[in-house]
Amino acid sequence: MSRQTRAIIHADAIEDNFRLMKKYAGNGQNMAVVKADAYGHGAVSVARILRNEAAAFAVAIIEEALLLREAGVRAPIVVLEGPHQALECELAARENCTLVVHQREQLEWVRQCREGRKPKVWLKVDSGMHRLGFDCERVPALVSEYSDIIDADSVLVTHLACADDTANPFTVAQLHAFNKVREATGLGVSIASSPGTVGWPQSRGDWNRIGIAMYGAEPLSEASGLALKPAMSLQASIIALRKVKRGETVGYSQTWQAERDSLIATVGIGYADGYPRHMPSGTPVIVKGQRAALAGRVSMDMITIDVTDIADVAIGDFVELWGKQLLVDEIARCAGTISYELITRVSQRVPRIVRHI
Ligand SMILES: Cc1ncc(COP(=O)(O)O)c(C=O)c1O
């Protein structure tokens, strides 16, 4: 029997979540963020699922855009990091990709493209995140200086550092700084990703960039109460069962010791599949609709779980690591990380199976 480890991708959830986020978009449009292989869900699959829903797709780098084009995706694509080298600019134009440009060198590369081969350019503005973008004060002058490549269709893009925290005044400061640039240039804007779209109505712009909410994970640090549906169920099957006596230990470095006679199931998923090695004993998993707990270190290809309290467990039974029955946000908290990291790290060894119902 082949290994049963898999990530079920729930197409209906992705579609429903994206539609739900459209209701929050106001007068603007939403682009679906499918960078990092659509946060581990499969960029081509997600683009196909959203072909009638998403006005555009966003990727981080041009290579990700090319994969979509090769798969026949025709919708506009926005490349969030812009070009990393000059030759990407004409390529972007040929492939109908918009480059979000964040430094002068990139503007020069675009300017040097041959006539008729210049890509569409949006401008990244640093309103306080201090990661990428032009300083707010410099933007109006840049827009005039590069009026040959920045036109009325260009959009000012900024990113909010703390939008997941709806009480954090830093977002207000970022919006204030950015709005001055917006007024001075009169250009369209793209500010909000999922947390902004949900938590900060004033950040909704002409284009919202929707990532995590579309994948069904919580965009805010406090529960938003949104009816989002998990888009990925990570599953693996039990490949061995054994009884261990009270006092015996399980796994590498003997980190888990049985407090009673126990039944331990070995499950075919490990850190090489993207289930983090530092996941602590006690982290929940679902077996036969019930919670069981991780027992001992995560190995490269396997984990061990305590199924003592679950009746009739058998080899071959499926275990859910996160998904519809166990929210990825809860598992991310156990791992001391965020949902984004867990879902993007599911490795290529795990087949993605797209289900439409
Ligand atoms: C520039 C930018 N825009 C949009 C997004 C999407 O954010 P979210 O997944 O929170 O919706 C990201 C995510 O990393 C990003 O870096």
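How each quantity is defined
Here the residue index of a chain counts from 1 through its sequence in written order. Totals for whole chains, interfaces and linings use every residue, but because this is a predicted model, local features are given only for residues with pLDDT of at least 70 and side-chain atom pairs only at 80 or more, for both listing and counting. Computation of side-chain values covers all heavy atoms of the structure but excludes hydrogens and water. UniProt positions are given in the numbering used here, feature names are shortened, and annotations may be inferred rather than shown by experiment. Per the convention used, a helix needs a DSSP run of H or I reaching at least four residues, while a strand needs a run of E reaching at least two, with both numbered from the N terminus. Whenever a nitrogen or oxygen atom comes within 3.5 Å of another N or O atom, the pair is scored as a polar contact, on the condition that within protein one atom can donate a hydrogen and the other can accept it, and that pairs from neighbouring residues in sequence are kept only if both atoms are in side chains. Residues count as neighbours in contact if any of their non-hydrogen atoms are within 4.5 Å of one another. Marked domain ranges trace back to an automatic or database domain assignment. By definition, the buried area sums, over both parts, the 1.4 Å-probe accessible area that each loses when the two are put together. Whenever Lys or Arg places a side-chain nitrogen within 4 Å of a carboxyl oxygen from Asp or Glu, that contact is recorded as a salt bridge. Throughout, near means a residue has at least one heavy atom within 4 Å of the molecule or strand. Note on areas: Shrake-Rupley with a 1.4 Å probe; residue coverage comes only from the protein chains shown. Three classes are used: nonpolar for Ala, Val, Leu, Ile, Met, Phe, Trp, Tyr, Cys and Pro, charged for Asp, Glu, Lys and Arg, and polar for all others, with Gly counted as polar. Whether a residue is buried, partly exposed or exposed follows from its accessible area with a 1.4 Å probe, protein chains only, as a fraction of its type maximum: under 20%, in between, or over 50%, in that order. Within this analysis, the arc is defined by the directions that extend from the helix axis to the C-beta atoms. Stacked, tilted and edge-to-face are the three classes assigned to paired rings of Phe, Tyr and Trp, where Trp is represented by its six-membered ring and a pair needs centres within 6.5 Å; plane angles under 30 degrees give stacked, over 60 edge-to-face, the rest tilted. In this analysis the charged atom, NZ for Lys or CZ for Arg, is taken to sit over a ring once it is within 6 Å of the ring centre and within 35 degrees of the ring normal.

An unreviewed UniProt entry lists the protein chain under the name Alanine racemase, from Alteromonas confluentis. Comment text from UniProt for the protein chain, heading Pathway (unreviewed entry), reads "Amino-acid biosynthesis; D-alanine biosynthesis; D-alanine from L-alanine: step 1/1." The heading Cofactor (unreviewed entry) in the UniProt record of the protein chain holds the text "pyridoxal 5'-phosphate".

Now, about the side chain of Thr304: what can you tell me, with residues and values included?
Note on placement: Thr304 falls in strand E17 (residues 303-306). In terms of polar contacts, Thr304 uses its side chain to reach the backbone carbonyl oxygen of Ala295, at 2.6 Å. Apart from the residues within four sequence positions on either side, Thr304 is in contact with Val250, Ile264, Ala265, Thr266, Ala293, Leu294, Ala295, Gly296 and Arg297.

Run through the domain arrangement of the protein chain, naming residues and quoting values.
Each domain of the protein chain was delimited in the assignment, giving domain 1 (11-210) and domain 2 (232-355). Taking only C-alpha atoms, the centre of domain 1 and the centre of domain 2 are 37 Å apart. Listed by partner, the interface residues are 10 residues for domain 1 and 8 residues for domain 2. Approximately 750 Å² of surface area, both sides summed, lies buried where domain 1 meets domain 2, with 59% of it carried by carbon and sulfur atoms. If you sort the residues of domain 1 by the area they bury against domain 2, Tyr39, Gly40 and His41 come out on top, with a joint share of 57%. At the boundary of domain 1 and domain 2, one finds 0 salt bridges.

Report on the site of the ligand, specifying residues and quantitative values.
Looking at the ligand, there are 13 residues lining it, with Lys35, Tyr39, Ser194, Ile212 and Tyr340 nearest. At 2.8 Å, a backbone N or O of Gly211 approaches an oxygen atom of the ligand. Here the ligand, which alone exposes 400 Å², has 90% of that area covered by the protein. Mapped by element, the contributors of at least two residues to the shell around the ligand are helix H2 (35-39), helix H9 (194-199) and strand E10 (207-210). Tallied by class, residues from the shell around the ligand come to 6 nonpolar, 4 polar and 3 charged.

Could you give an account of the environment of Ala93, with specific residues and numbers?
Relative to the assigned elements, Ala93 resides in helix H5 (residues 87-94). For Ala93, a relative accessible area of 26% translates into the label partly exposed. Separated by 24 residues in the primary sequence, Ala93 and Arg117 have C-alpha atoms spaced 5.8 Å apart. Non-local contacts of Ala93, meaning those with residues more than four positions away in its chain, are made with Arg117, Lys118 and Pro119.

Can you lay out the pattern of salt bridges for me, pointing to particular residues and giving the numbers?
In total, this model carries 20 salt bridges according to the counting rule given. Linking Asp301 and Arg349 is a salt bridge whose minimum nitrogen-to-oxygen distance equals 2.9 Å. One end of the pair, Asp301, is in the loop between strand E16 (290-294) and E17; the other, Arg349, is in the loop between helix H11 (339-344) and strand E19 (352-355), with 48 residues separating them in the sequence. Judged by its relative accessible area of 28%, Asp301 is partly exposed. A network of salt bridges, in which partner residues are shared, links Glu15, Asp16, Arg19, Lys22, Glu53 and Lys229.

Go over helix H10 (residues 328-335), please, and point to the residues and values.
What H10 keeps buried is the set Val328, Asp329, Ile331, Ala332 and Ala335. Taken down its axis, H10 places every buried residue within 160° of arc, on the same side. Positive phi shows up at Gly336, right after H10, with a value of about 70°.

Quick one: what's the story with the environment of Gln235, residue by residue and with numbers?
Of note, Gln235 is situated in strand E11 (residues 232-244). Residue Gln235 is classed as buried on the basis of its relative accessible area, which comes to 14%. When near neighbours in sequence (up to four residues on either side) are disregarded, Gln235 contacts Gln4, Thr5, Arg6, Ile8, Phe318, Val319 and Leu321. Separated by 2.8 Å, the side chains of Gln235 and Arg6 make a polar contact.

I'd like a rundown of the UniProt feature "modified residue: N6-(pyridoxal phosphate)lysine" (unreviewed entry) in the protein chain, residues and numbers included.
According to UniProt, the positions carrying the feature "modified residue: N6-(pyridoxal phosphate)lysine" (unreviewed entry) are Lys35. Here Lys35 lies in helix H2. Excluding its chain neighbours within four sequence positions, the residues that come into contact with Lys35 are Ala58, Val59, Ala60, Glu64 and Leu80.

Describe the packing of aromatic side chains, listing the residues and the values that go with them.
Following the criterion strictly, the structure yields 4 aromatic pairs and no others. The rings of Tyr39, Tyr215 and Tyr340 are connected pair by pair, giving a single aromatic cluster. Sitting over the face of the ring of Phe318, Arg6 holds its NZ or CZ atom 4.0 Å from the ring centroid.

Which residues make up the environment of Leu263, and what values do they have?
Tracing the sequence through the fold places Leu263 in strand E14 (residues 262-267). Overall, the relative accessible area of 23% leaves Leu263 in the partly exposed class. Note: C-alpha distance between Leu263 and Asp309 (46 residues apart in sequence) is 8.3 Å. Among residues more than four places away in sequence, those in contact with Leu263 are Leu241, Arg242, Lys243, Ile305, Asp306, Val307 and Thr308.

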